[in-house]
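# Structure at a glance
Residues per chain, in single letters:
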Amino acid sequence: RFHHTSRSRLCSCSKTVSDEKYQDPFQLGRKDLKNLYEDIKKELLVSTAELKEMCEYYFDGKGKAFRPMIVVLMARACNIHHNNSREVQASQRSVAVIAEMIHTASLVHDDVIDDANSRRGKMTVNQIWGERKAVLAGDFILSAASVALARIGNTTIISVLTQVIEDLVRGEFLQLGSKENENERFAHYLEKTFKKTASLIANSCKAVSILGCPDPKVHEIAYQYGKNVGIAFQLIDDVLDFTSCADQLGKPTAADLKLGLATGPVLFACRQFPEMNAMIMRRFSKPGDVERARKYVMQSDGVQQTTYLAQRYCHEATREISKLRPSPEREALIQLTEMVLMRDK
């Protein structure tokens, strides 16, 4: 569990928050996210009871609401930067709602693709209702998000957030393929990580900055912050797949290897154990591949290197957001980069 034992030494790079200014991001963002899941359920106007139950299954209020949290904090930080406004606009809050809907639809679809049987410690939609219905439920949540997006009535925002849906599909396709060339493999992995995870956070942050401030420089700061935090979030997720126990993670560990995926820790380990290349190319499909690959990763510095990389992305996110005028929300966004590195599930 490298990034836990050594985090005090490693994370000093982004310790720009003094204790007096420390704001718990989740406390600060809570008022804007009150009734978030009730509002999402109102968007899911469904006539049949079964479809309603499926669509609402993951909106049980037990998720961390990590993405909407970043979005509302970014909205406030940009509003304060622009004209010292302390209010989140209704359209900005709608972006937070839409982001959570798009994210959840992608989880429903991912679970179908991965044939997953647990998510957040409970059975998946596809396990309970079957794959066909799960695909339709994911589609329905996406369509409801699109209706909510159209209601904002701003073509720039529509264009920014529909990019997310395109990236999610492209990212999933990237994940289905693998590169023969070892040098291309890491770039492929990072591009997949951006499209599948970071694009949603980056573009949602950009959307609320556009709604709150006319300055393109601010839009770029918001986008870069979201992109870097999003990539770091996924890198730590990939580390936890090797270092966390299934109970904490809410899903089986070594899940990525079982799906045939070579994530950061595997790609770094491959540099020390070239014999892993053949396993990567056959997607760990031979008996014993998963166990051997896991052993190689734990013997290598793959976990450590992936953690270092996540820290570099968090450092970059902090550097970007620090360009905004100081505010409790800006400090909370800096604090969030710490929380991304320190989470254990």
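Residues numbered from 1 in each chain as written. Predicted model: local features only at pLDDT ≥ 70, side-chain atom pairs only at ≥ 80, totals over all residues. Heavy atoms only, no water.

### Observations regarding the pattern of salt bridges
- Tallied over the entire structure, the rule returns 19 salt bridges.
- Ionic pairing is found between Arg 119 and Asp 111, a salt bridge with its closest N-O pair at 2.7 Å. Here the two residues Arg 119 and Asp 111 agree in accessibility, since each one is buried.
- The shortest N-O distance in the salt bridge between Arg 319 and Glu 316 comes to 2.9 Å. In this pair, Arg 319 and Glu 316 both sit in helix 18 (residues 302-321), 3 residues apart, roughly one turn of the helix.
- One connected set of salt bridges, linked through shared partners, spans Glu 316, Arg 319, Glu 320 and Lys 323. (Salt bridge = Lys/Arg side-chain N within 4 Å of Asp/Glu carboxyl O. Buried < 20%, exposed > 50% of the residue type's maximum accessible area, 1.4 Å probe, protein only. Helix = DSSP H or I, 4+ residues; strand = E, 2+ residues; numbered from the N terminus.)

### So, helix 11 (residues 182-212)
- In a regular helix each residue adds 1.5 Å, so 31 residues correspond to 45 Å; helix 11 covers 43 Å between its end C-alpha atoms and thus fits that length.
- Of all the bends in helix 11, the greatest, near 60°, is centred on Ala 198.
- With 23 of 31 residues buried, helix 11 lies mostly within the body of the structure. (Expected span 1.5 Å × (residues − 1). Bend = angle between axes of the 7 residues up to and from the residue.)

### Re the environment of Leu 261
- Turning to its location among the elements, Leu 261 is positioned in the loop between helix 14 (255-258) and helix 15 (264-272).
- Residues contacting Leu 261, with those up to four places away along its chain left out, are Gln 175, Asp 256, Arg 283 and Phe 284. (Contact = heavy atoms within 4.5 Å.)

### Some details on the packing of aromatic side chains
- Applying the stated criterion across every chain, the model contains 7 aromatic pairs.
- Aromatic side chains Phe 186 and Tyr 189 sit 5.6 Å apart centroid to centroid with 80° between the ring planes, which places their arrangement in the edge-to-face category. Of this pair, Phe 186 and Tyr 189 both sit in helix 11, 3 residues apart, which is roughly one turn of the helix.
- A residue is classified by how much of its surface remains accessible, and Phe 186, at 14% relative accessible area, is buried.
- Residue classification places Tyr 189 among the buried residues on the basis of a relative accessible area of 2%.
- In this structure an aromatic cluster arises from ring pairing among Tyr 57, Tyr 58 and Trp 129.
- Note that Lys 122 overlies the ring of Tyr 57, its terminal NZ or CZ placed 4.0 Å from the centroid.
- The ring centre of Tyr 223 lies 5.7 Å from the NZ or CZ of Lys 206, which sits over that ring. (Phe/Tyr/Trp six-rings, centres within 6.5 Å; stacked < 30°, edge-to-face > 60°. Lys NZ or Arg CZ within 6 Å of the ring centre and 35° of its normal.)

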